[in-house]
Amino acid sequence: MSMLDIGARCASCALVDFLPTTCPHCGLIYCRDHLAAHGCSVHPTSFPQAGPSTFEQKAVCDKAGCNRPSIQAIAGYTPSTRDIAKQVQCPGCSGSFCVEHRRQDDHDCPGPRAYAILADAAAARKEKAKEVLAKHFPGHPAKSIDKPIAHSRDVPRQRPRSPDRLPPSVQVLIEAPTVGSVNAEPAPSQGSVAKTKQAKMFDIHLKKIRMSAKPLDPRSRPDQPRRFFELRAGVTSRSEVEAWVATGKMAGVVDKVWVHETTPAGKILDMVIERGKVARPKTDDRSTIQSLNLLVLSAPPDSARTHTALDLPSPASSIPEGSLVVLVQGWFA
């Protein structure tokens, strides 16, 4: 394939233009440079002869000491696009600047700021609108709410001044409530007793159980009064119970659960046996030694540790809050 198959040769020069243009009057093909300067024989006035430009293109930024090319030099323009080229000039001083110095604040423009002119024009339109309303509706009060005036770039913005802070020693004296002041905390009554360390530790222990407890019965919903306690998986021996009474620690996995307060202890026993996959005693063996029961290990604050057998007909509300429930074989006295 020849190069002429792609483009066409200009009728005025030997240039092969890949994007040739046909003159609409004489029908000849010309390149970009000779389309308007070929002196058409049919309509010679349709394409004026190209002459020197009536304005000079600024190739370098007008900022003193900057040698970067201006936006006009990068974009380029012809006499037919002069209005477009004016859009990249500074509206205050009509200078031609590069991208970094195009803003008025960047090249120290001596002219008025464009954003200040826009703000003044908006204020003038608002005043004119008020005059029109006052003329046509003299008795009608204005319902417009004045918007906060935005900070102008011409006015330096000042940071709000923080209140003077006094020395810490003086602040303590000022902020400390006096005995007769209204904000003073009420003094503890004579009958109230401050909590001991063990009572505070028990409160923290109970909060941890309530935060992470899960229902013993997955079908239960937390829309009724609940009882929170700890549950040890598997069967607990007598020696382990005696060790807990002595030390307060129970080996093995202990889960945090809750049940409804109206749940019978017998149902809790069935769920504990099913949860721990414990083999039930034979039906023909009715001795108390082989029977499975629930034992409640309670450690109230500032009191001795106790263990109590849970009566199966009794509700879950009989279980002390925050206690440890274990499954034992046989009856504990």
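Small disclaimer: the values here were computed from a predicted structure and weren't measured.

What counts and what doesn't
Residues numbered from 1 in each chain as written. Predicted model: local features only at pLDDT ≥ 70, side-chain atom pairs only at ≥ 80, totals over all residues. Heavy atoms only, no water. Pairing = 2+ DSSP bridges. Helix = DSSP H or I, 4+ residues; strand = E, 2+ residues; numbered from the N terminus. Salt bridge = Lys/Arg side-chain N within 4 Å of Asp/Glu carboxyl O. Buried < 20%, exposed > 50% of the residue type's maximum accessible area, 1.4 Å probe, protein only. Phe/Tyr/Trp six-rings, centres within 6.5 Å; stacked < 30°, edge-to-face > 60°. Lys NZ or Arg CZ within 6 Å of the ring centre and 35° of its normal. Expected span 1.5 Å × (residues − 1). Contact = heavy atoms within 4.5 Å.

Sorry if this is basic, but what is going on with the sheet that holds strand β9 (residues 306–309) here?
Working definition: the strands of a sheet are paired by backbone hydrogen bonds and lie parallel or antiparallel to each other. Pairing in this open sheet of six strands is mixed, and the strands run β5-β7-β6-β10-β8-β9 from one edge to the other. The open sheet has two free edges, formed respectively by β5 (214–215) and β9, since each of these has just one partner strand. By the bridge criterion, four bridges tie strand β8 (residues 292–298) to β9 in an arrangement that is antiparallel. The residue bridging L297 from the neighbouring strand is H307, located in β9.

Quick question: what am I supposed to make of the pattern of salt bridges here?
If the charged atoms of two oppositely charged side chains come close together, the side chains can form a pair. Applying the stated rule across the entire model yields ten salt bridges. D108 is the salt-bridge partner of K63, the closest N and O atoms lying 3.7 Å from each other. Placement of K63 in the loop between β4 (29–30) and α1 (71–75) and of D108 in the loop between α2 (82–86) and α3 (114–136) is noted, with a sequence separation of 45 residues between them. For K63, a relative accessible area of 21% gives the class partly exposed. Among the residues examined, D108 registers a relative accessible area of 57% and is labelled exposed. The closest approach of N and O atoms between R219 and D217, which form a salt bridge, is 3.4 Å. Taking relative accessible area as the criterion, R219 reaches 71% and is therefore assigned exposed. Salt bridges linked by common partners bring R210, R227, E261 and E321 together as one network.

Quick question: what am I supposed to make of the packing of aromatic side chains here?
Two aromatic rings, taken as a pair, are described by how far apart their centres are and by the angle between their planes. Evaluation of the coordinates by the stated rule reveals zero aromatic pairs. Here R226 stacks its cationic end above the ring of W258, 4.8 Å away from the centre of that ring.

Help me out: how do you make sense of helix α7 (residues 265–276) in this one?
Working note: α-helix, 3.6 residues per turn, so residues spaced by three or four point in the same direction. Its twelve residues give α7 an end-to-end C-alpha distance of 16 Å, which sits within 8% of 16 Å, the value for a rise of 1.5 Å per residue. For α7, the complete set of buried residues consists of A265, G266, I268, L269, M271, V272 and I273. The inward-facing, buried residues of α7 contact β6 (226–236), β7 (254–260), β8 and β10 (324–329).

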